[in-house]
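# Overview (structure and organization)
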Amino acid sequence: MRITGFTYVRNGINYQYPFVESIKSALTIVDEMIVVVGDSTDGTRQAVENINSEKIRIIDSVWDMDLRKDGKIFAIQTNIGLLEAKGDWLLHIQADEVLHESAREQIIKYMEIADKYDDIDGLLFHYYHFWGDYNHIRTTREVHPYEIRAFKPNRNVFSYKDSQGFRKYSSYENYLAGEKGEKLKVIDCGVMIYHYSYCRNPKLMQQKTKFFARFWHNNEELDAKFKEADFDYNDVDYLCEFKGEHPVFMKDTIKKKDWDFTYDPSKSTMNFKGKLLMWLEKRLHRELFRYTNYILVRDLDKRR
């Protein structure tokens, strides 16, 4: 079984994306890694080259900075890599996502299970969303607990909306024309994605957030929204303490942390509805009324 990975990055050094760590974590699983490198000015391309892996294939791209609606530019960059990916399975990872070094065996196990069923399109992964530092995670309804990160090729699967997930389309031409697409049928592989999007010095986090917000908002909205110099990590609904183990690829990055964060739950922005749903979900041990961009197949045992 040949596995092809794909990712994209632009100016990853300036915004301290753990893109090198991300790519290295995927290299433990894939046979080929396609890295779409946007027109960077900070040495990002050289950093990818310096990983020095024969598995890596770099594709250069130029970001169209006029595509500011609904994060469309991110889907375009994802699809550049996807359309070049050839393999029995495709594995997508984003520049702030890292896999644990122990993930390979479980991912391959579930790929082999899914291969037995033609109607299964891909695999569902779990998420740790780190927030403020490397010791806290956000687990509320404002973040996605699961997402598709591996799927079978040759099924007209393309990036959905702003590249968070994927859907299946009747053709690439119809995808470009705005077809809504069909949710993928997936099985849960149980593998964690370590998501480090909100782990930066507060000053840099504010700069990064403002820059990427331009792909959803106009200049007037940006000026009104980003008045403070530092990002306030306590402007959040709810955080949990993380007591697990980070991927080995993140060891040096975590050591370089140059800011302090003290979580203050008294500043929670969670409204009454959010508190009620969180209380119910904890007691019922199930998620309630959450939107999902996939169809989770649970009855494989009954088919055998």
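First, a word on what this report is: a plain description of the structure on this page. Every value quoted in this text rests on a predicted model; they were computed, and no experiment measured them.

How each quantity is defined
- Residues numbered from 1 in each chain as written.
- Predicted model: local features only at pLDDT ≥ 70, side-chain atom pairs only at ≥ 80, totals over all residues.
- Heavy atoms only, no water.
- Helix = DSSP H or I, 4+ residues; strand = E, 2+ residues; numbered from the N terminus.
- Rg over C-alpha atoms; globule rule 2.2 N^0.38 Å.
- Buried < 20%, exposed > 50% of the residue type's maximum accessible area, 1.4 Å probe, protein only.
- Salt bridge = Lys/Arg side-chain N within 4 Å of Asp/Glu carboxyl O.
- Contact = heavy atoms within 4.5 Å.
- Right-handed = clockwise from strand over helix to strand, strands pointing away.
- Pairing = 2+ DSSP bridges.
- Polar contact = N/O pair within 3.5 Å; in protein donor to acceptor, adjacent residues only side chain to side chain.
- Phe/Tyr/Trp six-rings, centres within 6.5 Å; stacked < 30°, edge-to-face > 60°.
- Lys NZ or Arg CZ within 6 Å of the ring centre and 35° of its normal.
- Axes fitted to C-alpha atoms, helices over the stretch in contact; angles between N-to-C directions.

## Details of the overall build of the protein chain
When you go through the protein chain residue by residue, the secondary structure sums to 10 helices and 14 strands. Rg of the C-alpha trace for the protein chain: 19 Å, near the compact-globule value of 19 Å for 304 residues, within the 12% margin. In terms of overall dimensions, the protein chain has a C-alpha envelope of 50 × 50 × 40 Å along the principal axes. Counting all 304 residues of the protein chain, 52% fall into the buried class.

## Focus: the pattern of salt bridges
Counted by the stated rule, this structure contains 14 salt bridges. Via salt bridges that share partners, Arg2, Glu32, Arg57 and Glu84 belong to a single interconnected network.

## Here's the deal with the environment of valine 62
Relative to the helices and strands, valine 62 resides in the loop between strand S3 (56–60) and helix H3 (72–84). Leave out the neighbours within four places in its chain, and valine 62 touches Asp39 and Gln77.

## Here we look at the environment of isoleucine 295
Within the secondary structure, isoleucine 295 is located in strand S14 (residues 295–296). Exposure remark for isoleucine 295: the relative accessible area of 39% places this residue in the partly exposed category. Spatially, the C-alpha atom of isoleucine 295 lies 23 Å from that of glutamate 97, the residues being 198 residues apart in sequence. Residues contacting isoleucine 295, with those up to four places away along its chain left out, are Lys183, Leu184, Lys185 and Val186.

## Points about the pairing of strand S2 (residues 32–37)
Across the six residues of S2, six count as buried, placing the element largely inside the fold. Remark: the strand S1 (residues 3–9)/helix H1 (residues 19–27)/S2 crossover connection has right-handed handedness. Bridge count for S2 against S3 is five bridges, and the pairing is parallel. For valine 35, the partnering residue across the bridge sits in S3 and is isoleucine 58. You can see the chain leave S2, run along helix H2 (residues 44–50) and come back into S3, and the turn it takes is right-handed.

## What about unusual backbone geometry?
Note: most residues except glycine have negative phi, and most peptide bonds are trans. Its identity as a non-glycine residue notwithstanding, asparagine 11 has a phi of 50°, on the positive side. For glutamine 16, which is not a glycine, the phi torsion comes out positive at approximately 50°. With respect to the secondary-structure elements, glutamine 16 resides in the loop between S1 and H1.

## Thoughts on the environment of tyrosine 194
Mapped onto the secondary structure, tyrosine 194 falls in strand S12 (residues 185–198). Each C-alpha atom, one on tyrosine 194 and one on isoleucine 137, is 9.9 Å from the other, the two residues being 57 residues apart in sequence. Side-chain polar atoms of tyrosine 194 contact the backbone oxygen of glutamate 245, separated by 3.3 Å.

## Focus on the packing of aromatic side chains
Applying the stated criterion across every chain yields a total of 23 aromatic pairs. Here the aromatic rings of tyrosine 172 and tyrosine 175 are separated by 6.0 Å at their centres, their planes lie at 20°, and the arrangement is stacked. Here tyrosine 175 and tyrosine 172 lie together in helix H5 (residues 172–176), a separation of three residues that amounts to about one turn. We classify tyrosine 172 as partly exposed; its relative accessible area is 28%. Grouped by ring-pair contacts, the aromatic residues Tyr128, Phe130, Tyr134, Tyr194, Tyr196, Phe242 and Trp259 constitute a single cluster. Stacked on the ring of tryptophan 131, the Lys or Arg arginine 138 has its end atom at 4.8 Å from the ring centre.

## A word on the sheet that holds strand S9 (residues 157–160)
Here we have three strands laid out as an open sheet, ordered S9-S10-S11, and antiparallel in their pairing. A strand with exactly one partner marks an edge of an open sheet, and here the two such strands are S9 and strand S11 (182–183). Bridge count for strand S10 (residues 165–168) against S11 is two bridges, and the pairing is antiparallel. Across the sheet, residue arginine 167 finds its bridge partner in S11, namely lysine 183. Contacts between H3 and the sheet are confined to S9 and S10, with S9 contributing the most and set at about 160° to the helix.

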